[in-house]
Amino acid sequence: MNNHKKIMSKNQLSKLGFILAAGAFSAVNAAAGVFVITDDACPAAKGDLEAHLNWEAAIATNHGKAVEYAPAIEFAYGATDTLEIGASLDFGGVYNSGHFARVTDGERINRFNFTGISLGLKNQILDPEAENSPFGLAFVGGFSWAFADAAQNSARDITFELGLNFQKNLLDGDLILAFTPAVAFTSVKGDKAATGSSDTTFDSTEYSLAGGVSYSVGAGCRLGVEAVYTIAYNSEGFDTDQFYAGPNFCYEADAWWLTLTVAPRLFTSADDVIVAGQFGYVF
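A few points on the structure.

The rules behind each value
Residues numbered from 1 in each chain as written. Predicted model: local features only at pLDDT ≥ 70, side-chain atom pairs only at ≥ 80, totals over all residues. Heavy atoms only, no water. Helix = DSSP H or I, 4+ residues; strand = E, 2+ residues; numbered from the N terminus. Buried < 20%, exposed > 50% of the residue type's maximum accessible area, 1.4 Å probe, protein only. Contact = heavy atoms within 4.5 Å. Areas by Shrake-Rupley, 256 points an atom, 1.4 Å probe, with all protein chains shown as cover. Pairing = 2+ DSSP bridges. Phe/Tyr/Trp six-rings, centres within 6.5 Å; stacked < 30°, edge-to-face > 60°.

1. What about the overall build of the protein chain?
Logical step 1: Looking only at helices and strands, the protein chain features 2 helices and 13 strands.
Logical step 2: When each of the 283 residues of the protein chain is scored for burial, the buried share is 50%.
Logical step 3: Taking as baseline every contact in the protein chain between residues at least 6 positions apart, the subset at least 24 positions apart corresponds to 60%.
Logical step 4: Only carbon and sulfur atoms are counted for the fraction: they give 59% of the accessible area of the protein chain, which is about 12,700 Å².

2. Remarks on the pairing of strand β2 (residues 66–69)
Logical step 1: Residues A66 and E68 line one face of β2 and the alternating positions V67 and Y69 line the opposite face, and both faces are buried.
Logical step 2: With 4 bridges connecting them, strand β1 (residues 49–60) and β2 associate as antiparallel partners. By the bridge assignment for β2, A57 is matched with Y69.
Logical step 3: For β2 and strand β4 (residues 83–96), the ladder comprises 4 bridges, and the chain directions are antiparallel. Residue pairing in the sheet places V67 in a bridge with Y95 of β4.

3. Remarks on the packing of aromatic side chains
Logical step 1: Here the structure, examined in full by the defined rule, presents 15 aromatic pairs.
Logical step 2: For the ring pair Y69 and F112, a centre distance of 6.0 Å and an interplane angle of 15° mean the geometry is stacked. A residue pair is termed long-range when its members are at least 10 positions apart, and Y69 in strand β2 and F112 in strand β5 (residues 109–126) qualify at 43 residues.
Logical step 3: Ring centres 5.5 Å apart and planes at 50° place the aromatic pair Y251 and W256 in the tilted group.
Logical step 4: Of the residues examined, W256 reaches a relative accessible area of 32% and is grouped as partly exposed.
Logical step 5: Members of the aromatic cluster, each reached through a chain of ring pairs, are W55, Y69, F91, F112, F114, W145 and F147.

4. Quick notes on the environment of G220
Logical step 1: Note that G220 resides in the loop between β9 (201–218) and β10 (221–234).
Logical step 2: Residue G220 is classed as partly exposed on the basis of its relative accessible area of 23%.
Logical step 3: For the pair formed by G220 and A253, sequence separation is 33 residues and the distance between their alpha carbons is 6.2 Å.
Logical step 4: With residues near it in sequence (within four places) discarded, G220 still touches C250, Y251 and E252.

5. Points about the pairing of β4
Logical step 1: As defined by bridge partners, strand β3 (residues 72–78) adjoins β4 across 7 bridges and the pair is classed as antiparallel. Bridge pairing in β4 links I73 to L89.
Logical step 2: Hairpin connection of β3 to β4: 4 residues between the antiparallel strands.
Logical step 3: When β4 meets β5, the two strands line up antiparallel, connected through 14 bridges.

Set out below in C-alpha cells:
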C-alpha cells in the first residue's frame, strides 16, 4: 500500500460473456487506490499537483490468455489543506488469444480505446497524523462517464461513488491499517452486451468493503496485504459478489512512488486475478 495514494479511477471492465466470470472493477476509484492504499485519509498537500499512471487488469487464469485492462492518466491537486480534487483520462483494452477463443467458443480479440473521464474529490475530516486524532478519516466522492468501449463502440456508462477512508497509524507510522466502505451507483445505456437493447437502461448498485495493512521493511519500502469484498444488485435483485485478496508492494522516494498488488479471486470456482499498480509523481 502506498503512502501517497489518492482518489480515483477504476474503470468498469465490461462483462464479456466468454471472458471472466464477473467484472473486476468499480467504475470510479473514488475510494482510492488499488483496493485500499495507506494515507487514504490524507489529501494532497495544499498547492501540490500529482500525476498518476494507473494500471488495472483482470486476467482469466484458466488459460492465461484473456485479459481486460484499464490504464488511466490521473492528476490530483491539493486545493486546500483538507480538500483534494482530481481528474483522469480513462482507457480500456481487451485481449483474447486464439487459443482461449477456441476453448471458450468466443473470438480472438485485441482492442484498445480511450473510453471516458473520471472526476473525484477527497475531503479530510480527521488527520491520522495528528496527536489528538484516534484515527484518520476522509470523505471521498467520484463521478465517471464512459462514452465508449475498447472496441470503439459508443456507450453511455455513468457512475457515482461515495465512500469513507479510515486510517490508523501505529508504531510511529511503520504500521498502517486502512479500511474503506463504499457504494457505487451505475447506469448503463446502449450497451447491448449488458442490456440486450440499445434503448434499455441498465442500473446497478455495488457495495464494497476494502481493508489492508502495510508495514515499513526498509528505507522507502513497504510490504502489505489487502482485500476487497463487493456485492452488486441490479433492478431484479442480487447480481453477484466477489472477494479478492493478495499482497502489496510499495517503494517511495522523495517525489515519486510505485505500488503493485496481485490479488486472485477467492472462495469461488471462477479463475481470475486482479493485477493493479500505480506510478505517481509530485510536481
